[in-house]
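Structural features, examined
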Amino acid sequence: QVQLAESGGGLVQAGGSLRLSCAASGRTFSDYAMGWFRQAPGKERNFVAVITWSGANTYYADSVKGRFTISRDNAKNTVYLQMNSLKPEDTAVYYCAARYRLWTTNLNDIPYWGQGIQVTVSS
């Protein structure tokens, strides 16, 4: 089992920045690809970003490319999502997720999820 706990959410004005953190416990963190999804009210949960287990590669949704940066610190068992130039349409609950080695954007194939954290961007 892998336990995930997000932190760092909140309310920010458009154009501002936030950094989300996700602390992992339970298994060898460096064996897991780590990602972020988000879900706005009344909408599906969508992929935001992923970092491979080695940290060598990152991938982003087109909607956040150039504004968000995912990173990991394996010594701290933590993955981060730095969010800059935030827009009102970034408002959502953000979820941290983990999968052993290989990533997928198929939610049904991702076994480990955090509880989610609210990010609200005001215009």
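Sequence order as written defines residue numbering, which begins from 1 separately in each chain. Per-residue local features of the predicted model are confined to residues with pLDDT of at least 70, and side-chain atom pairs are confined, for both listing and counting, to 80 or more; whole-chain, interface and lining totals are unaffected and use all residues. Only heavy atoms go into the side-chain values, all of them from the structure, while hydrogens and water stay out.

1. Considerations on the pattern of salt bridges
Definition in use: Salt bridges are counted wherever a side-chain nitrogen of Lys or Arg sits within 4 Å of a carboxyl oxygen of Asp or Glu. A helix here means a DSSP run of H or I that spans at least four residues, while a strand means a run of E at least two residues long, and both kinds are numbered starting from the N terminus. We call a residue buried when its accessible area falls under 20% of the maximum for its residue type, exposed when it is over 50%, and partly exposed in between, using a 1.4 Å probe and counting protein chains only.
Going through the model one piece at a time under the given rule, you end up with four salt bridges. Here R101 and D31 are joined by a salt bridge, their closest N and O atoms 3.3 Å apart. Note that R101 is positioned in the loop between β9 (92-100) and β10 (112-113) and D31 in the loop between β3 (18-25) and β4 (32-39), a separation of 70 residues in sequence. Look at R101 and you get partly exposed, because its relative accessible area is 30%. Across the salt bridge formed by K65 and D62, the nearest N and O atoms sit 3.0 Å from each other. Through salt bridges with shared partners, a single network forms among R38, R67 and D90.

2. Describing the nonpolar core
Here is the rule we go by: What is meant by a nonpolar core is a set of buried Ala, Val, Leu, Ile, Met, Phe, Trp, Tyr and Cys residues, joined one to another through side-chain atoms within 4.5 Å. Two residues qualify as a contact provided that any one of their heavy atoms is within 4.5 Å of a heavy atom in the partner residue.
L4, M34, W36, V79, L81, M83 and Y94 are the most contacted members of the largest nonpolar core, which totals 36 residues. Taken together, the elements giving at least two residues each to this core come down to β3, β4, β5 (45-51), β7 (68-73), β8 (78-83), β9 and β11 (117-122). Filtering out sequence-adjacent residues up to four positions away, L4 remains in contact with C22, A23, A24, M34, C96, A97, A98, Y112, W113, G114 and Q115.

3. As for the pairing of β7
Every regular strand shows the same layout, with side chains that alternate between the two sheet faces. The line we're drawing: Following DSSP output, two strands are said to pair if at least two bridges run between them.
A one-sided burial pattern is seen for β7, the buried positions being F68, I70 and R72 and the unburied ones T69, S71 and D73. Across six bridges, the pairing between β7 and β8 is antiparallel. Each bridged residue has a counterpart across the sheet, and for D73 the counterpart in β8 is T78. Counted along the chain from β7 to the antiparallel partner β8, the turn is four residues long, and its residue N77 has a positive phi close to 55°.

4. Some words on the side chain of D90
In this fold, D90 is placed in the loop between β8 and β9. Its relative accessible area of 1% is what places D90 among the buried residues. If we ignore the near neighbours within four places in the chain, the residues touching D90 are R38, R67, F68, S85, V119 and V121.

5. Digging into the sheet that holds strand β1 (residues 3-7)
Definition in use: Axis definition: a line fitted to C-alpha atoms, over the contacting stretch in the case of helices. Angles run 0 to 180 degrees between N-to-C directions.
Spatial strand order, β1-β3-β8-β7: four strands in an open sheet with antiparallel pairing. The open sheet terminates on both sides in strands that have one partner only, identified here as β1 and β7. Ignoring strand direction, the axes of neighbouring strands in this sheet form an average angle of 15°.

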